[in-house]
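Fold and contact review
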Amino acid sequence: MTRQRRAHRRRFLPFLPHAVLTLALGHGLLPDAAAAQGPVVGATAADVALQMRELDGVKRVLMIAAHPDDEDSSLLGALSRWWGAETAYLSLTRGDGGQNLIGPELGEGLGVVRTGELIAARALDGGSQFFTRAYDFGYTKSAEETLRFWEQDQVLADAVWIVRTFRPHVIVSQWSGTPSDGHGQHQAAGIVAHEVIRAAADPQRFPEQLTDGIEPWRTTKLYRGAWRTRGDAVLEVHTGTFDPLLGRSHFQLGMASRSMHRSQDMGVRQFPGPRVSRIELVAGPEGLREDDSPFAGVDTTFLSILAGVEGTDRQALQRELRGYRDAIVEARSSMDVSEPWRSAPILAEALRRLRAATERAAALPGAPLELTTVLERRQALVERTMLAAAGVTLELRVDDDLLVPGEEVTVHAELWNGGGLMVTGATPRVFLPRDWTARWAEADEIVLGRSGFFGGPSGAQHEGPADVEPGELARWSYRLSIPPDADLSRQYYLAEPRDGAMYRWPGDRSLWGLPGNPPLLTAAIRARVSHSPTMAPIDVAPTTVARYLGVDKATGEYRKPVLVVPAVSVAVTPPGMVWPVEVAGSRDVTVVVSSEAAAGSRGTVALELPDGWTAEPTSLRFTLEAPGASRSFTFSVSPAGPVAPGEHVFRAVARTADGRQYQEGVALVDYPHIDRVALFRPAEARVSAFSAQVTPGLRVAYVMGSGDVGPAALRQLGVTVEELGPDAVRAGLFADYDVVVLGVRAYETRPDLAAANDQLLDFVRRGGTVVVQYNQREFTQGGYGPFPIQISRDRVSEENAPVTVLEPGAPVLAAPNRITTEDFEGWVQERGLYFPDEWDTRYRPLLSMADTGEEAKTGPLLVAPVGEGVYVYTSLSFFRQFPAGVPGAYRLFANLVSLQASEWNAYVTSESPET
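For every chain, the first residue of the written sequence is number 1, and numbering continues from 1 onward in sequence order. Where local features are concerned, this predicted model is filtered to residues with pLDDT of at least 70; where side-chain atom pairs are given and counted, the filter is 80 or more; whole-chain, interface and lining totals use all residues. Calculation of side-chain values draws on the structure's entire complement of heavy atoms; hydrogens and water are dropped beforehand.

1. What about the overall build of the protein?
To keep it simple, the criterion reads: Strands are runs of DSSP state E lasting at least two residues, helices are runs of H or I lasting at least four, and both sets are numbered from the N terminus onward. Restricting the calculation to C-alpha atoms gives the radius of gyration, and the globule rule supplies 2.2 Å times the number of residues raised to the power 0.38. Residue burial considers only the protein chains on display, and all accessible areas are found by Shrake-Rupley using a 1.4 Å probe. Positive: Lys, Arg. Negative: Asp, Glu. His and the chain ends are not part of the count. Charged side chains are reduced to one point each, which is NZ for Lys, CZ for Arg, CG for Asp and CD for Glu.
In terms of regular secondary structure, the protein is built from 22 helices and 47 strands. The C-alpha radius of gyration of the protein comes to 31 Å, within 12% of the 29 Å expected for a compact globule of 915 residues. Principal-axis analysis of the C-alpha atoms places the extent of the protein at approximately 100 × 70 × 50 Å. As displayed, the protein offers around 35800 Å² of accessible surface, 49% of which is attributable to carbon and sulfur atoms. Averaging the locations of the 89 positively and 113 negatively charged side chains of the protein gives two centres separated by 4 Å.

2. Observations regarding the pattern of salt bridges
We count it as follows: Salt bridge criterion: a side-chain nitrogen from Lys or Arg within 4 Å of a carboxyl oxygen from Asp or Glu. When a residue's accessible area, from a 1.4 Å probe over protein chains only, is under 20% of the maximum for its type it is buried; when over 50% it is exposed; and in between it is partly exposed.
Within the structure shown, the criterion is met by 50 salt bridges. For Arg 844, the salt bridge goes to Glu 807, with nearest N and O atoms at 2.8 Å. Of this pair, Arg 844 sits in strand 44 (residues 844–845) while Glu 807 sits in the loop between strand 41 (803–805) and helix 19 (811–814), placing them 37 residues apart in sequence. Judged by its relative accessible area of 10%, Glu 807 is buried. Salt bridges sharing common partners tie together Lys 141, Asp 851, Glu 854 and Lys 857.

3. Overview of the sheet that holds strand 2 (residues 86–91)
The line we're drawing: Strand pairing is assigned whenever DSSP detects at least two bridges linking the two strands. A fitted line through C-alpha atoms represents every axis, and for helices the fit uses only the stretch in contact; the resulting angles, taken between N-to-C directions, go from 0 to 180 degrees.
One open sheet accounts for seven strands, arranged 3-2-1-4-5-9-6; its pairing is mixed. Of all strands in the sheet, those with a lone pairing partner are strand 3 (128–131) and strand 6 (234–238), marking the two edges. The average angle at which neighbouring strand axes cross in this sheet is 30 degrees, direction not considered. Summarising the sheet, strand 2 and strand 3 pair through four bridges and their orientation is parallel. Counterpart to Tyr 89 in the pairing with strand 3 is Gln 129.

4. A short note on the nonpolar core
Generally speaking, a soluble globular protein has its nonpolar side chains buried in company with each other. Quick note on the threshold: Buried Ala, Val, Leu, Ile, Met, Phe, Trp, Tyr and Cys residues that are joined via side-chain atoms within 4.5 Å together make up what is termed a nonpolar core. We call two residues contacting when some pair of their heavy atoms lies within 4.5 Å.
One finds Trp 436 and Leu 521 to be the most contacted residues of the largest nonpolar core, which totals 76 residues. Residues in contact with Trp 436, not counting those within four places in the same chain, are Leu 403, Leu 480, Ser 481, Ile 482, Pro 483, Ala 486, Leu 520, Leu 521 and Val 564. Ranked by size, the runner-up nonpolar core spans 70 residues in total, among them Leu 92, Leu 118, Ala 200 and Val 669.

5. Examining helix 11 (residues 344–363)
Heads up, the rule is: A helix is expected to span 1.5 Å multiplied by its residue count minus one.
For helix 11, with 20 residues, the first-to-last C-alpha span of 29 Å sits near the 28 Å given by 1.5 Å per residue. Taken together, the buried positions of helix 11 are occupied by Ala 344, Ile 346, Leu 347, Ala 348, Ala 350, Leu 351, Leu 354, Ala 357, Thr 358 and Ala 361. The elements touched by buried residues of helix 11 are helix 3 (45–52), helix 10 (311–333), helix 12 (369–390) and strand 19 (538–540).

6. Observations concerning the confidence of the model for the protein
Heads up, the rule is: pLDDT: the predictor's confidence for each residue, scored from 0 to 100.
Counting all residues, the mean pLDDT for the protein is 90, and 93% of those residues have values of 70 or more. A low-confidence stretch, residues 1–40 stays under pLDDT 50, and its non-local contacts, those more than four residues away or across chains, total 139 contacts. For residues 911–915, every residue scores under 50 in pLDDT, and the model assigns this stretch five contacts once sequence neighbours within four places are set aside.

7. Digging into the sheet that holds strand 27 (residues 613–616)
Strand pairing in a sheet relies on backbone hydrogen bonds. The paired strands run either parallel or antiparallel. Ordered in space as 23-25-29-27, the four strands form an open sheet in which the pairing is antiparallel. Looking along the sheet, the strands with just one partner apiece sit at the ends: strand 23 (568–573) and strand 27. Across the sheet, the mean angle from the axis of one strand to that of its neighbour is 30 degrees, orientation sign disregarded. Bridging between strand 25 (residues 587–595) and strand 29 (residues 630–639) involves eight bridges; their strand directions are antiparallel. Bridge pairing in strand 29 places Ser 594 opposite Ser 630.

8. Quick notes on the environment of Ser 595
The condition is simple: Residues adjacent in sequence count toward polar contacts only when both atoms are side-chain atoms; beyond that, a polar contact is any pair of N or O atoms within 3.5 Å, and within protein one must be able to donate a hydrogen and the other to accept it.
Relative to the assigned elements, Ser 595 resides in strand 25. Along the backbone, Ser 595 and Arg 730 are 135 residues apart, and their C-alpha atoms lie at a distance of 40 Å. Setting aside residues up to four positions removed in sequence, Ser 595 forms contacts with Ala 567, Gly 600, Ser 601, Leu 624, Ala 626, Pro 627, Gly 628 and Ala 629. A polar contact of 3.2 Å, which involves the side chain of Ser 595, links it to the backbone nitrogen of Ala 597.

9. A few points about helix 4 (residues 73–82)
Burial analysis of helix 4 places nine of its ten residues in the buried class, which makes it a mostly covered element. Every buried residue of helix 4 is listed here: Ser 73, Ser 74, Leu 75, Leu 76, Gly 77, Ala 78, Leu 79, Ser 80 and Arg 81. Between the side-chain oxygen of the N-cap and the backbone nitrogen of Ser 74 there are 3.2 Å, and the N-cap of helix 4 in question is Asp 72. Trailing helix 4 by a residue or two, Gly 84 shows a phi angle of about 75 degrees, which is positive.

10. With respect to the packing of aromatic side chains
Spelled out, the test is: Within 6.5 Å between ring centres, the rings of Phe, Tyr and Trp (the latter by its six-membered ring) count as paired, and their orientation is classed by plane angle as stacked under 30 degrees, edge-to-face over 60, tilted in between.
Per the counting criterion, the structure on display carries 31 aromatic pairs. Ring geometry for Tyr 747 and Phe 779: centres 5.4 Å apart, planes at 65 degrees, overall edge-to-face. Taken together, the residues span a long stretch of sequence, with Tyr 747 in helix 15 (residues 746–749) and Phe 779 in helix 18 (residues 777–782) at a distance of 32 residues. Among the residues examined, Tyr 747 registers a relative accessible area of 5% and is labelled buried. Considering the side-chain rings of Phe 787 and Tyr 843, the 5.9 Å spacing of their centres and the 75 degrees angle between planes classify their relative orientation as edge-to-face. Here Phe 787, found in the loop between helix 18 and strand 39 (789–791), pairs with Tyr 843, found in the loop between strand 43 (836–839) and strand 44; they are 56 residues apart in sequence, far enough to count as distant. Note on Phe 787: relative accessible area 13%, which makes it buried. Given the relative accessible area of 3%, Tyr 843 is considered buried. Through successive ring pairs, a cluster of aromatic residues spans Phe 690, Phe 824, Trp 827, Phe 878, Phe 882, Tyr 890 and Phe 893.

11. Looking at the environment of Asp 837
Examined against the element boundaries, Asp 837 turns out to sit in strand 43. With 133 residues separating them in the primary sequence, Asp 837 and Met 704 have C-alpha atoms 25 Å apart. Once you skip the residues sitting within four places of it in the chain, Asp 837 turns out to touch Gln 790, Ser 792 and Asp 794.

12. Describing the packing of helix 4 against helix 9 (residues 250–258)
Here is the rule we go by: Roughly parallel covers angles under 35 degrees, roughly antiparallel covers those over 145, roughly perpendicular covers 65 to 115, and oblique covers all other angles. Whether a crossing is left-handed or right-handed is set by the direction in which the near helix is turned from the far one by less than a right angle, anticlockwise for left-handed and clockwise for right-handed. Residue classes follow a fixed rule: Ala, Val, Leu, Ile, Met, Phe, Trp, Tyr, Cys and Pro count as nonpolar, while Asp, Glu, Lys and Arg count as charged, and any other residue, Gly among them, counts as polar.
Where helix 4 meets helix 9, the closest approach of the two axes is 8 Å, and the angle between their N-to-C directions is 125 degrees. Overall, the two elements helix 4 and helix 9 adopt an arrangement that is oblique. Crossing of helix 4 against helix 9: the hand is right-handed. Only His 250, Phe 251, Leu 253, Gly 254, Met 255, Ser 257 and Arg 258 of helix 9 make contact with helix 4, whose side of the interface consists of Ser 73, Ser 74, Gly 77, Ala 78, Arg 81 and Trp 82. Residues of the contact of helix 4 with helix 9, tallied by class, amount to five nonpolar, six polar and two charged.

13. Describing the packing of helix 11 against helix 12
At a closest axis distance of 9 Å, the pairing of helix 11 and helix 12 adopts a crossing angle of 160 degrees. With respect to helix 12, the axis of helix 11 lies roughly antiparallel. In terms of crossing hand, the pair formed by helix 11 and helix 12 is left-handed. Residues Ala 344, Leu 347, Ala 348, Ala 350, Leu 351, Leu 354, Arg 355, Ala 357, Thr 358 and Ala 361 of helix 11 form the contact with helix 12, whose own contacting residues are Leu 371, Thr 372, Leu 375, Arg 378, Gln 379, Val 382, Glu 383, Thr 385, Met 386, Ala 389 and Ala 390.

14. Here's the deal with the pairing of strand 26 (residues 601–608)
When strand 26 meets strand 28 (residues 619–624), the two strands line up antiparallel, connected through six bridges. Bridging across to strand 28, Gly 603 finds its partner in Phe 622. As paired strands, strand 26 and strand 30 (residues 646–656) are joined by six bridges and run antiparallel to one another. Note that in strand 30 the partner of Val 605 across the bridge is Ala 654.

15. Remarks on unusual backbone geometry
Of note, the bond from Glu 616 into Pro 617 is cis; its omega dihedral lies within 30 degrees of zero at 0 degrees. A cis amide bond links Ala 815 to the next residue, Pro 816, at an omega of 0 degrees. On the secondary structure map, Pro 816 appears in the loop between helix 19 and strand 42 (832–833). We note that Arg 167 has phi near 60 degrees; this positive angle belongs to a residue other than glycine. Its place among the elements puts Arg 167 in the loop between helix 7 (152–166) and strand 4 (170–173).

16. Considering the side chain of Asn 100
With respect to the secondary-structure elements, Asn 100 resides in the loop between strand 2 and helix 5 (108–125). Reaching out from Asn 100, the side chain makes a polar contact with the backbone oxygen of Gly 103 at a distance of 3.2 Å.

17. Looking at the environment of Pro 244
On the secondary structure map, Pro 244 appears in the loop between strand 7 (242–243) and strand 8 (248–249). Overall, the relative accessible area of 60% leaves Pro 244 in the exposed class. Spatially, the C-alpha atoms of Pro 244 and Ala 46 are 8.6 Å apart, while their sequence positions differ by 198 residues.

Structure representation (C-alpha cells):
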C-alpha cells in the first residue's frame, strides 16, 4: 500500500521516537480526546507538566491480553501518567467475534469499531496500542480449541515482533494461561504472554525478524494480573491516589478509558477514593523477593542506556546525559503554570544536550541499539514538551474530508505562536504519499470558510519562511494533486481476505501490529524558537497530521480524518439474501450508487447475474451532480425456472462516462467516540436458496434490541414486518399484530420495552405470540418472563456441536417446516449463548446441545402457553446466522413466528403428545 510506505520513510514505526509515535497515532487515528497529548491543537500547563514526568529515566511496560476491554486501564494510566513510563497494550485480537451494543457492525466491521475504541482508550490512559493477526472467531472454552483456529507459532511470532520493537522492561500478562482464565482465547493469550519473553530473547526463534535494526530483546520482569490474589509475590499498585495534574485519580482516568468500550456496554462509574491494581510476579531478576514498585530490580536510570559503552566515549556521553538530567530537573522545579513558556529555555538546554549525545552515539562503531533508539525517542519527546511549554501549535487542515483519485484539494498549514517566545524562519514541509504532488495555492484557490458569528480566520498568508511574533498566526496553503491510481484508504490488515482466523499482514513490516493505517498526510515546520537575545535559538520541527475541520451548527467545531475513496461507490442492498425455493416470480434488488467526485458522476448501472437469472431493466442511467449525491435503483430479478438450492451471487457494476468501472461500495464506520474509518465491500448480494415456508398473511411487530437483521430476514421469507419505535412500545400498540419479536438484548437496550412489559404479557394472554431472543441477567432481574426463568452464562460455542431434537412432533418444530438435525448444519461461530439453566415447568424445552465433553444443555429453545397465547424464549444465535444465510436458522425462525397458540395449547394438553 503506497501511502503507508511513504509515511514511514524514516524508520519502522515501532522504532520512531515515542513522541513521534504518539503524535502520528494520536492525530492520524485518534479522536480529539488525544489532543492534549501534543502541541498540535494546544496543550495546557498541566499537559506540559504531565509530559515532563516522562523525561527522566527509561521505563517501558507492555500489557498483553486477548481482547478489547481485557486491559487494566487504571494500571496503564498510573504507569504512564504518574510513573512516566512508556506503556502499550497488545491485544491479540480486535474483538471481532463479539456483539455490538451501538450499531449493526459484526465480524470485521465490529473489529474496526473496537479497534477505534481501544485507540480512544489509550488516548486517555497514555499508552500505545498493538495487535497480532489473530481474528476473534468467537467464544471458546479452552486454549486447545482456540489454537485449532489460530496457529500458535504465528500468534507468538507477532507478539515477539511487538516485544522486539517496543522493547519492554516489564510485561504484564492479564491472563495466566490456565483454565482459570475462562474464555479459551484468554487462556491462549496467557500462554503466548508467558512464552514471548523467552522467544523474543532467543535469536534462534523467528530469525527472519532480525534485520533492519531489529534485535532480540530480553524483558526483565513478567507479572500477571492478580485481581483476587494476595501474597508475598503480589504487588499492589495504588491507582486511587488523586493526581492534581489530572484533577482525578488514575483509577478514575482508567474508568474513563474503559468507558470508551461503548460497543461492549462498558460504561462505568469513576469512583473516587483509594483503589489498587494487583499484579503477581512470575519471573524477574534472580534473588528478587520483595517488590515495592513494578520496576524493582530493573535499572531504569537514564544512564542505563550506556550499557556496553566504555572508556572516553562513555565519559563524554555521561557528561551530556547528566547535563540533560540537570536541565529537566530544573525545568520541572521552575514550571510556572501561568507562563509555562518560561520553562522552554531550560528544555532547550536539555534538547541541546540530547542532540550532542545523539551525535556522539551515532559516531560510535557498533553503538548499542538501546542507546540510539532511546536517544531518538527522547529527543522527540523533549522537543514536543518544549513546544507545548512555548505555546507553539501546528495544524494541517484539508478543505475536504473525502478525497477522490484524480482530483485536487487545498490544504493549509497553520502555525500559531501562542506563547511568549519568538519563532523565526518557520519553513513548512508537507509529507505526501507517493506520486502525489503539491504547489503553492493561488489566491482564488484559498477558501478559509465562512466567517461565522465571531469572525473568520486571521493570520498572514506565506509562501516561504516566516517570522512569527508571540500571539501571531502564520499560514501556508497548498494545492495537492491526487494521482488517478492513488491508493484508497483501505485498512492495511483488510487489504486481503483473511487466512482462516488470521488476518494477512502486508510485506511492509512498518505496519505490522499497528491499530490501523498511518496518517495520509502529515506536515512539519522547521523553525527556530528563542526567548530573548540572550537565549540561543534552537531549531525544532513540530509535526502534525492532516484533518478536516468542520462546523456543526448545533454542536460546533469538529475534526475528522482525511480518507481517500473512489469517485463512485456501488452497494447492493441487502448484501445477503435468502430465496425460498417455493417462492415463484421476481424479487426486487436495490443498487445504491453514490458519488464523491467534485464534478459529479454520470453513467450506467447494471446487475451481473448467474446463468438462469434475468434482471429488468438490464441497465439504468444515473446522473449524480455533486459530491455526496446518491441514488437508489431497483431491479426486478427473476429465475428462468425453478430456483436451484445453494448459493447464487448477484453483482452490480457502475460504468461512468469516462470508461471506468466500479464494483465496490464504501461504508463509513463513524461514531462520536472514535475516528471514522472506511470499510470497502464488493458490490454484490449473496443469495442463499433453500426450502422455507411461513404461515401466509402474518403481521409481525419487531422491537429492535442491540442491533440485528431480524426484520430483513423475516421480510425475505415473505413476512410483513413493522419495527416498533419507543412511542408505540410504551403505548402497548401490539393488538394489530399476530406476533411480536424482540431483538437480541432488547430488555437491556430498550427502557421503553421494560416499561411496557405488562402490556406485552397482556398481548400474549389475549392470544398473541411473543418470540424473545437472548438476553442477559437483566431479564432475570427484571422478572420480565410470564413465569420464572433464570438466565445463566451457559453457551454452546462449537458451531457444529451435535443437536438433539427433544420433541420432533411439537408444532414449532413440525410446521410449516419439519426441523431436523440437518437444519443445524452450516451454522457459524456458535450455537447460542446465555442459555436459561432454570425455568418454571410451564416452559417446555425442545432442543438439547452441548460442547465437547460437557453435559447437555436443554435451555436454547423454551415454549410456554400463556393464557390464550404462546411465549417463546430462544438463546440460539440467530443474529449471527441470518447474515451468513444459514438455511436451517431461517427455517426454524419461520416456524417460531408461524406458531399458533391454539396448536401449541392443543399439543401440550393432549394426553399423548408425539415425542
